[in-house]
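# A look at the structure
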2 protein chains.
Amino acid sequence: MPSCEILSIGTELLLGQILNTNSQFLSEELAAIGINCYFQTTIGDNVDRIKFAMKQALSRSDIVLITGGLGPTADDLTTECLAETLGVGMTFDAEVMQRIESFFKTRGVSMPESNRKQALRPEGSELLPNPRGTAPGALWCIGTELLRKADITNPDRERIVMTFPGVPGEMKAMWRETAVPFLTKRFGNNVVWSCDLKHYGIGESALAEKYSHLLGMSNPTVAPYAGRGECKLRVTAMAGTIAAAENLAKPIIDEIISASGTFFYGRNDDTLEVVVGRLLTERKLTIAVAESCTGGLVSKRLTDVPGSSNYVHLNVVTYANEMKEKVLGVRIETLIKDGAVSEQCVKEMAEGIRKFAAASIGLSVSGVAGPGGGTEDKPVGLVYLGLAHDQGTDVRKLMLPAHITRQEIRQRSASEALNMVRLYLLQHS
Amino acid sequence: MPSCEILSIGTELLLGQILNTNSQFLSEELAAIGINCYFQTTIGDNVDRIKFAMKQALSRSDIVLITGGLGPTADDLTTECLAETLGVGMTFDAEVMQRIESFFKTRGVSMPESNRKQALRPEGSELLPNPRGTAPGALWCIGTELLRKADITNPDRERIVMTFPGVPGEMKAMWRETAVPFLTKRFGNNVVWSCDLKHYGIGESALAEKYSHLLGMSNPTVAPYAGRGECKLRVTAMAGTIAAAENLAKPIIDEIISASGTFFYGRNDDTLEVVVGRLLTERKLTIAVAESCTGGLVSKRLTDVPGSSNYVHLNVVTYANEMKEKVLGVRIETLIKDGAVSEQCVKEMAEGIRKFAAASIGLSVSGVAGPGGGTEDKPVGLVYLGLAHDQGTDVRKLMLPAHITRQEIRQRSASEALNMVRLYLLQHS
């Protein structure tokens, strides 16, 4: 297995002005295609330190991925430092130049002279196209002779260097469209295909335990990831073609989806709100939400999905008891006797919003998000969910840990509410 | 000026399972106290690579900050690798052990034997207390003799090493409470005080230009930062005491606040929604929001603020035209003639929600968030804002760039709406 080092270049990283999301992205992607990443190194826009880090990375790793420093300004030093580290000159790519010039022309702006440097590449390297921006990268397979001349340790095996712009969107597009096919073909003559199976309602360790018999496999591989209260299993297969890799993964994916039951909710870019939207659209149903402690977050997430106006017509945030009464018809006795954070109140809220918005489904959330407002009976973290439908109204009680923040209580409550809708829709097709 | 290197230790970072926010935090903090950070290095839980990286960092930097690897498991190698790199043994801190044991005792759990290693420190180092967790760090001033024995380059000047747990909350508390006072005292016999002056409605380059005469100063320093559509100026002063540093910064802060006018909106942890909430509370006013394209985001942000239930009683998301008519009383002629995304519609929405919720201020947002739904007349990115108050209704038109995402259009629209409320409240005290 080849080893890899990620070099991030940019003084703004060393000043903490931006977060290095590129290194995380590349590391996760490398792991998925079976390439070991042993070092992530970040340096500023300084010729000596960049060259030092390049030489060190080349000496200890088979593959060096470099992000940043490909722009047109004097601070952008990646290409020239790379050429100097290997002791070669730079070639000018007239085709790239033309593309950059026409980019400026279509915008009616004249190209600054400094942009010419973006058409330069170290001699002997190839173009790594940039489908999303003007500055391309370089893909360079560096042979034994050059490595030896440049005094790189262990010069007997070839090294691969790829340069990417620091802009995450451009870097990711280049990585996916050019680097992954190249690397997977190179190391194993194979392409890689992977699929994330997203789960809700089961923790990472429970998921890992349930599928422990799959986690040790080598092709396809299965790996659990956790984050933001959710878990996913990534299934990755390598084969001669995408179709063959997909075929290899399919039985494992089918097994997981079947065994996970309703814990499994979607693939890849699916979110709970996307899946809820899909189910509502399929069933030609609409939803209306009445929120209290989540303050609009459930509504915001539902409407994050393009096209959500087809099934969301009205949501309300009834923070005040008076508004729960006036808009949703929650009975005054309920508010006095049970309080706003109660089973009875979310039941009436869900039924009220369903009626008021003339929606198929009414969803409600009421709880204590903190940090203040908790009592012994109703502590911070106590949240009720209501779901009114044509056959009645379901209510759920959540007791979230009191030590998590107001934001987390709101996020988890919103996720639980969306998941409650998902489970209801799955049971009523 | 001393130089610093940040070492992040943890295989989960190299697998991309977690994002390295610690390095960004420490880098930003170092810049604020005038310490140069030249390298950020990330390595996994591997003895050889950890020791290699430690030796390299000690050879090229005056200060080495190490995060991660202080836990109780076999993967946690930081302390022993650090001792081995410098060729010393480890001392056992009975007091720390006692604190860890009592932590488990109060939770009614017996302490796993493996936790004993958290009471170890390299011989000669001091305790770096952890106010938020069980595992403390080490603070180690390493002298010439030890550096020379351990074969560290440039052994003639002392090195400082600090170890922190990888958990961001614990690391930050330790940094602020122990490391900053130590470092500022050490390097300049001074303490550091800084204040972020947050701005809205002015870009980073315009802000930098406006205050170019301040950016070159050395004490206090003034530095611009940008992110998420906002900008801040950080003013940092060093002096013998906090009060003296604050006094040094005060004239500059006053100058900026006065010259920035309403572009300046708050300090440090203030957000637009926090400031709007403060102004509403001071003026004993309430607000109600009617959203269309932002889908609940304005409501969510307003209610992110603890105590917002005092001024938010009801918000609505009227996605469907029918609901704009039914709930807000938008006239059917307006919807037919001008459409939902129009000056007239947001005017009626703002007036409608103000009346419906009986609030002091009615705020409305309607626009085309995309990616679909744009026309030649009303392209993606066109957003109208309405603000109804006791003297009439104000309307604003935004034309956001069409190439930004649906999420960004929604975020920027929400920020503009909150800022519109802020500016209104400032003018009507």
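Scoring rules and cut-offs
Residues numbered from 1 in each chain as written. Chains lettered and ligands numbered in written order. Predicted model: local features only at pLDDT ≥ 70, side-chain atom pairs only at ≥ 80, totals over all residues. Heavy atoms only, no water. Helix = DSSP H or I, 4+ residues; strand = E, 2+ residues; numbered from the N terminus. Buried < 20%, exposed > 50% of the residue type's maximum accessible area, 1.4 Å probe, protein only. Contact = heavy atoms within 4.5 Å. Lys, Arg positive; Asp, Glu negative; His and termini not counted. Charge placed at Lys NZ, Arg CZ, Asp CG, Glu CD. Expected span 1.5 Å × (residues − 1). Polar contact = N/O pair within 3.5 Å; in protein donor to acceptor, adjacent residues only side chain to side chain. Pairing = 2+ DSSP bridges. Axes fitted to C-alpha atoms, helices over the stretch in contact; angles between N-to-C directions. Parallel < 35°, antiparallel > 145°, perpendicular 65-115°, else oblique. Left-handed = near helix turned anticlockwise from the far one by under 90°. Nonpolar A, V, L, I, M, F, W, Y, C, P; charged D, E, K, R; others polar. Disulfide = S-S within 2.5 Å.

Looking only at helices and strands, one finds 16 helices and 17 strands in chain A. The buried share of chain A, reckoned over its 429 residues, is 55%. Considering only contacts in chain A between residues 6 or more positions apart, those separated by 24 or more positions represent 66%. In chain A, 45 side chains carry a positive charge and 49 a negative one; their mean positions are 3 Å apart.

Residue and element names in this part refer to chain A. Checked against the element boundaries, Gly266 lands in strand S12 (residues 264-267). On the basis of relative accessibility, which here comes to 4%, the residue Gly266 falls in the buried class. Sequence-wise, Gly266 and Asp196 are 70 residues apart; in three dimensions their C-alpha atoms are separated by 8.3 Å. Leave out the neighbours within four places in its chain, and Gly266 touches Asp196, Leu197 and Lys198.

All names here are of chain A. Here helix H3 (residues 47-60) spans 20 Å end to end across 14 residues, near enough to the 20 Å set by a 1.5 Å rise per residue. Inspection of H3 places Ile50, Ala53, Met54, Gln56, Ala57, Leu58, Ser59 and Arg60 among the buried residues, and these make up the whole buried set. By the N-cap criterion, in which a side-chain oxygen at the helix start approaches the backbone nitrogen of a residue two or three places on, H3 is capped by Asn46, the distance to Asp48 being 3.1 Å.

Here the focus is the sheet that holds strand S8 (residues 159-164) of chain B. With respect to topology, twelve strands assemble into an open sheet ordered S6(A)-S7(A)-S8(A)-S3(A)-S1(A)-S2(A)-S2(B)-S1(B)-S3(B)-S8(B)-S7(B)-S6(B), the strand pairing being mixed. Of all the strands in the sheet, just strand S6 (126-128) of chain A together with strand S6 (126-128) of chain B have a single pairing partner and so form its edges. Each adjacent strand pair in this sheet contributes to an overall mean axis angle of 20°, direction not counted. As defined by bridge partners, strand S1 (residues 3-9) of chain A adjoins strand S3 (residues 63-67) of chain A across five bridges and the pair is classed as parallel. Following the sheet pairing, Ile6 of chain A is matched in S3 of chain A by Leu65 of chain A. Across the sheet, helix H4 (residues 78-85) of chain A touches S1, S3, strand S7 (137-142) and strand S8 (159-164) of chain A, and the angle it forms with S8 of chain A is around 165°. Packing of helix H7 (residues 168-186) of chain A onto the sheet brings it into contact with S3, S6, S7 and S8 of chain A, and relative to S8 of chain A it is tilted by some 165°.

Attention now goes to the packing of helix H3 (residues 47-60) of chain B against helix H4 (residues 78-85) of chain B. All names here are of chain B. Interaxial distance between H3 and H4 falls to 9 Å at its minimum, and their mutual angle equals 55°. Here H3 is positioned oblique relative to H4, judged by the angle of their axes. Crossing hand, H3 versus H4: right-handed. For the pair formed by H3 and H4, the contact residues are Val47, Ile50, Lys51, Met54, Lys55 and Leu58 on the first element and Thr78, Cys81, Leu82, Glu84 and Thr85 on the second. Split into classes, the residues belonging to the contact of H3 with H4 amount to six nonpolar, two polar and three charged.

Under the defined criterion, the tally for this structure stands at zero disulfides over all chains. Counting only cysteine sulfurs, Cys195 of chain A is the nearest neighbor of Cys231 of chain A, a cysteine outside any disulfide, at a range of 16 Å.

We now examine unusual backbone geometry. With an omega of 0°, the peptide bond running from Asn219 of chain A to Pro220 of chain A counts as cis. Counting through the fold element by element, Pro220 of chain A comes out in the loop between helix H9 (212-215) and strand S10 (221-227). A positive phi angle, near 50°, is found at Asn154 of chain B, a position not held by glycine. Following the sequence through the fold, Asn154 of chain B ends up in the loop between helix H6 (144-149) and S8.

Residues and elements named next belong to chain B. In this fold, Phe25 is placed in helix H2 (residues 21-32). Classification of Phe25 as buried rests on a relative accessible area of 10%. Placed 143 residues apart in sequence, Phe25 and Pro168 show a C-alpha to C-alpha distance of 9.0 Å. Ignoring sequence-local partners within four residues, the contact set of Phe25 consists of Met171, Lys172, Trp175 and Arg176.

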